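Per-entry structural report
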Amino acid sequence: MSLPWELLILLSFKACLAEDTRHGPVFTQEPSDIVFPLSSDDKQVFINCKAKGNPPPHYRWKVDGREIKPELESHYSFVEGNLLINNPHVINHGGVYQCIATNTFGTVVSREAKVQFAFLQNFSRKARNTVSVREGQAVVLLCGPPPHYGEIKYSWVFNGQRGFLQQDARRFISQRTGNLYIAKVEPSDQGNYTCAVRNMMTNTSVLSSPTPVVLRRDAVMGEYEPKIEVRFPETLHVSKGSSVKLECFALGNPVPSISWRRADGNPLPGKIKINHSSGVLEIPYFRPEDAGVYECVAQNSRGRNAARGQLMFYDVEHLHWTHTLKDTQMAIDTNLQWECKAIGKPRPTFRWLKNGQLLTSQGRHYVDSGTLSISRITLSDAGMYQCVAENDLGAVYASAELKVVASPPDFSQRPVRKSTVVQKGGELLLECRPSASPRALVFWWRWGQLLKDTERQTIMEDGSLRIANVTQSDAGRYTCVARNHFGSASSTRTVVVKEPTKIIVPPLSLDATLGQSLVLPCEVSSDLSLSPSFKWFFNGKPIDFSRQEHFEMIGGGFAGDLMVRNIQLKHSGKYVCMVHTELDTVSAAADLIVRGPPGAPESLVVSDITDSTVRLRWGAGPDNHSPVTTYMVQARTPFSIGWQSVRTVPDPVPGHILQATVKDLSPWVEYEFRVVAINSVGVGEPSLPSKQIRTKAAVPKVAPLSVSGGGGARGELVIVWEPVSEEQQSGEDFGYIVAFRPVGSSTWIQSVMALPDASRYVYRNDSLLPLSQYEVRVGVFNSVGEGPFSRTITVLSAEEEPSEAPSRVWARSVSSSEIDVFWETISSSSSTEVITYEVVFWEEGSEVKDAERVRVANSTARLSSLKSSTVYLISVRAQNSAGLGPGSPPFNITTKKPPPSQPPGNIEWNLTNSKIFLNWKHVKALENESEVTGYKVVYRPNWNSRSLVLETRSPSVELHVPSGDDYLIEIKAQTEGGDGASSGPIRIPMMSSLNSQGHRRCFLVPLHITFGTVFIVLSMNL
């Protein structure tokens, strides 16, 4: 290669290094198709174009392939990259525009933008010919719109009226031609017709010259069949999502009616809009299912006519890239292949541009549709490339920059590491990857010797040096030398060989039981210059000791043992101890198996239900590393307390059997079942409860218990029993059969009680003799049948009520609120036995029905809570199980006067040694109160709740009490009407407070006031 070529390449490389942030133009805004309304007040058209690049690009524009030169064309000017058209003209300035951006790296062209102008010219002012027509005839008035562009709407004006002519079944305006069709002329149609055209984009309207319509009087047109004058195309391609309108209108006399249908017989889509008066069918949002043959039918009394047209679905998919270009930097003499892919309907074609110029297959360049290949790249290939995908609906552009690099070897970007530490016996890989274009040749040197491939030593294709089974002799300095056509460079690395790290005490696989704790050891030997770090993994995930209460790493230095505390089932798995040093990483693994009670059995199913058995099937749950030895079945009913074990066949259920028959169940009871697995470790969790089932009904098996009887009213036989529990009723419609017969009789009398909760039966018959003996038994039944009877017992019929009243009844008034009543008892007979006596008492003057009652078992009763000084009437009668007997004749008795309401007052006390001297003022009773007969002194130590009582007839008393205690004393007046009001508690201080002479002088101070003044005597030591 000649020197000038090398200099050129080096200059290129130097420029490339200086321009690492510089790049070719890339569009950020591109022109778009535009329709500009010429009638707009703004007489400027602005077309966007903007590109980024470094250096900033400059712009050019083309219209219809011709370059625009603003300096020569006054209508055009550039605003940065944008194009401004001043006072545009519909003919001169409409066309296809394209923006071109260029900088030192190349040129890109924008997508093409079609610029059009919406306009509407005036009608010719030439007068229109008169149209003569007979009544009943049809007429077509031509609009003949002026030159225009943009969406147009047609209307007609009749006789210069302000509003537009309204369309109906007789009159139709075609929005394709603007013509006015009158199916049948009437006299009122005579007049002037003006066509009005409105441009929807420019919002301008123009009117034609009027067309006069006159009515001929020579004849009237007769009736004739419809003639379809406005038709839609026989074939029409409609794109997806667009809206299509079909026009159909017929002339005829009478005025034809227009109807629509699909020729294939399918119903019209619901979204279709039909204007029957104007003859227009509209299909919005066209879809494939809307395609087909549509038929317009015109019909009147003279005949019918039809027009058909096929709507064909035109599947349009807008162009878009699926694989585009990316900026590429290539070394000189290498090969490039670019590929771009785009999809769309119709299928796109591709072309390639370089700096805006078309590329074809020539020389080193090969173009094949969306693929561009360049072989043996040179500097001249650098530039901006574009792939263009286009079809009938448009085009999309993809751009990318190709930079070509040529440089000598250089280690500044990817230098060789200065030092490498490798373990003895391991593998050493020294990389040598300098930047170079074209690719450099690589050589390795050590101790001045060029290295070559040996059994342990290999220079790889990418220039790396690989040494296997490293020994201590491989330590030293290694130099990589790289060369290409433009120069050479070198880089040196030092290799240090150290002893490898080994795990000398690895963790061992273990079995553990739930709740145990254990240690997994991990101890290493390593080069003393290295500091090993330990890391533990559980089932592939690192253990975070800060968040794991069960795990702790213990040891230090060259040991990193793992302690697992309170082991759980979830701790079963693989444990890996990984030891890392600056040189190497080693690991050792162990499996820990945690054995625990079994998991819950699964999928419990109940089948084969009878009255006393069911069949259970289940799936095995996890055995938690200890085989299941047995299964235990438990059941729960609404009557049981929690879950109870039940008997099964087999019993117990072996661990390898997953089914069992549960027996000895109660009929007609709702059961839930669950299964518990047991292994050598313990009892596992129970399965989920089964679906609740009810056993089948059966004849009851349990007879009523505690059958007894007796009592009741005269002429009754009362039989009682303990009801059978719902759990033992065995079926629906449960009840009792009560059977009884006189002792000695062979015939049972039976009665059915269809009440499951019944516990008492009364047989009534006035002919029953009192206390007659009957044999009694109670049986059970349900909807299935009759069950057993209880054992037979003897029950007595009811006795008679007492027939006589108690005798010698008398009473004594005890106090103002109490009366004692006495009588002689009634002797029992063979037909009656007195149980209790009832004392009835009421105030004189009140009704007997308001009387109060007291029942006692003996011959005396105390009536209490009575009113004082009140006359009471009293009667006594006997009662037995049959009822109450007659009452004794009532007699009266009066309660005593009430006791005095005034408590004892002016109380004084004196304390000497162990004696308390008390005296008080005599209580004088009022006229309506009982006379005082004496006093009651109640006293007790302050700490004791038990009181002592001393009665006296005088208003003074001497109490002998032990010394050392405080005393509380109350005084009440005694009368035959009861005890009077209390003086209230009086506190006597403890004896130890006496003076040495053993006595006190006392003063009276008030303690509290109830019904008078109460004083205590305070003494002073003398």
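Residues numbered from 1 in each chain as written. Predicted model: local features only at pLDDT ≥ 70, side-chain atom pairs only at ≥ 80, totals over all residues. Heavy atoms only, no water.

**As for the overall build of the protein**
Where we set the bar: Here a helix means four or more residues in a row that DSSP labels H or I, a strand means two or more in a row labelled E, and each is numbered from the N terminus. When a residue's accessible area, from a 1.4 Å probe over protein chains only, is under 20% of the maximum for its type it is buried; when over 50% it is exposed; and in between it is partly exposed. Any pair of residues with heavy atoms lying within 4.5 Å of one another is described as a contacting pair. For accessible areas, the Shrake-Rupley method is used with a probe of radius 1.4 Å. Any residue's cover is judged against the shown protein chains and nothing else.
The helix and strand inventory of the protein stands at one helix and 95 strands. Along the first, second and third principal axes, the C-alpha set of the protein runs to 155 × 130 × 90 Å. Going through the 1022 residues of the protein one by one, you find that 43% of them count as buried. Excluding contacts between residues fewer than 6 apart, the proportion of contacts in the protein whose partners are at least 24 apart in sequence is 64%. Just so you have it, the protein exposes about 53600 Å², and 50% of that area is on carbon and sulfur atoms.

**Points about unusual backbone geometry**
The step from Lys 345 to Pro 346 runs through a cis peptide bond, and the omega angle for that step is 0°. As for its placement among the helices and strands, Pro 346 is situated in the loop between strand S33 (341-345) and strand S34 (349-354). Cis peptide bonds are those with omega within 30 degrees of zero, and the linkage from Val 649 to Pro 650 qualifies with -5°. Position of Pro 650 among the secondary structure elements: in the loop between strand S64 (648-649) and strand S65 (653-654). Despite not being glycine, Asn 203 has its phi angle at roughly 55°, a positive value. Residue classification places Asn 203 among the exposed residues on the basis of a relative accessible area of 51%. Unlike most non-glycine residues, Arg 808 shows phi in positive territory, near 50°. Here Arg 808 lies in strand S78 (residues 807-813). Residue Arg 808 is classed as exposed on the basis of its relative accessible area of 62%.

**Overview of the pattern of salt bridges**
In plain terms, the rule: In the sections that follow, a salt bridge refers to a side-chain nitrogen of Lys or Arg positioned within 4 Å of a carboxyl oxygen of Asp or Glu.
Applying the stated criterion across every chain yields a total of 42 salt bridges. Close ionic contact of Lys 936 with Asp 979 constitutes a salt bridge, the shortest N to O distance being 2.8 Å. Taken together, the residues span a long stretch of sequence, with Lys 936 in strand S88 (residues 932-941) and Asp 979 in strand S92 (residues 978-982) at a distance of 43 residues. In this structure, a network of salt bridges that share partners links the residues Arg 812, Glu 818, Asp 820 and Arg 862.

**Some remarks on the sheet that holds strand S51 (residues 510-513)**
Cut-off, in case you're wondering: DSSP bridges decide pairing: two strands pair if at least two such bridges lie between them.
Strand order in this open sheet of five strands is S51-S59-S58-S54-S55, and the pairing throughout is mixed. Only two strands of the sheet have a single partner each, and these edge strands are S51 and strand S55 (541-542). Relative to strand S58 (residues 573-580), strand S54 (residues 533-538) runs antiparallel, the two sharing six bridges. Bridge assignment links Phe 537 to a residue of S58, and that residue is Val 576.

**Concerning the environment of Trp 748**
Within the secondary structure layout, Trp 748 lies in the loop between strand S72 (735-742) and strand S73 (749-753). Assessed through its relative accessible area of 22%, Trp 748 is described here as partly exposed. Along the chain, Trp 748 and Val 738 lie 10 residues apart, while their C-alpha atoms are 9.6 Å from each other. Setting aside residues up to four positions removed in sequence, Trp 748 forms contacts with Ala 739, Phe 740, Arg 741, Glu 775, Val 776, Arg 777 and Thr 792.

**A few points about the environment of Glu 732**
Turning to its location among the elements, Glu 732 is positioned in the loop between strand S71 (716-722) and S72. Distance from Glu 732 to Thr 581, taken between C-alpha atoms, is 81 Å for residues 151 residues apart in sequence. Contact partners of Glu 732, with chain neighbours within four places excluded, come to Trp 668, Asn 782 and Ser 783.

**Some words on the packing of aromatic side chains**
As a reminder, the rule being used: Aromatic rings from Phe, Tyr and Trp, with only the six-membered ring used for Trp, were paired whenever their centres fell within 6.5 Å, and each pair was classed as stacked if the ring planes differed by under 30 degrees, edge-to-face if by over 60, and tilted otherwise. Only when the NZ atom of a Lys or the CZ atom of an Arg is both within 6 Å of the ring centre and within 35 degrees of the ring normal do we say a charge sits over the ring.
For the structure on display, the rule yields 22 aromatic pairs. For the ring pair Tyr 671 and Phe 673, a centre distance of 5.7 Å and an interplane angle of 10° mean the geometry is stacked. Of the two residues, Tyr 671 and Phe 673, both sit in the buried class. Of the aromatic side chains, those joined through ring pairs into one cluster are Phe 740, Tyr 761, Tyr 763 and Tyr 774. Looking at Arg 694, its charged tip hangs above the ring of Trp 668, at a distance of 4.5 Å from the centre.

**With respect to the pairing of strand S20 (residues 211-220)**
Of the pairings in the sheet, the one linking strand S12 (residues 131-135) to S20 comprises five bridges and is parallel in character. From the neighbouring strand, Ser 132 faces S20, where its bridge partner is Val 214.

**Some thoughts on the state of the cysteines**
For clarity, the cut-off: By definition, disulfides here are pairs of cysteine sulfur atoms that lie within 2.5 Å.
Tallied over the entire structure, the rule returns six disulfides. Through a disulfide, Cys 432 is tied to Cys 480; the S-S separation comes to 1.6 Å. An S-S torsion of about -60° defines the bridge between Cys 432 and Cys 480 as left-handed. With Cys 432 in the loop between strand S42 (428-430) and strand S43 (435-437) and Cys 480 in strand S48 (residues 476-484), the pair connects residues that are 48 residues apart, well separated along the chain. For the protein, the bonded cysteines connect in the pattern 1-2, 3-4, 5-6, 7-8, 9-10, 11-12 when numbered consecutively along the sequence.

**Description of the pairing of strand S49 (residues 487-498)**
The pairing of strand S41 (residues 419-423) with S49 spans five bridges and is classified as parallel. Residue pairing in the sheet places Ser 419 in a bridge with Thr 494 of S49. Pairing between S48 and S49: nine bridges, direction antiparallel. Across the sheet, the residue bridging to Arg 477 is Thr 494, located in S49.

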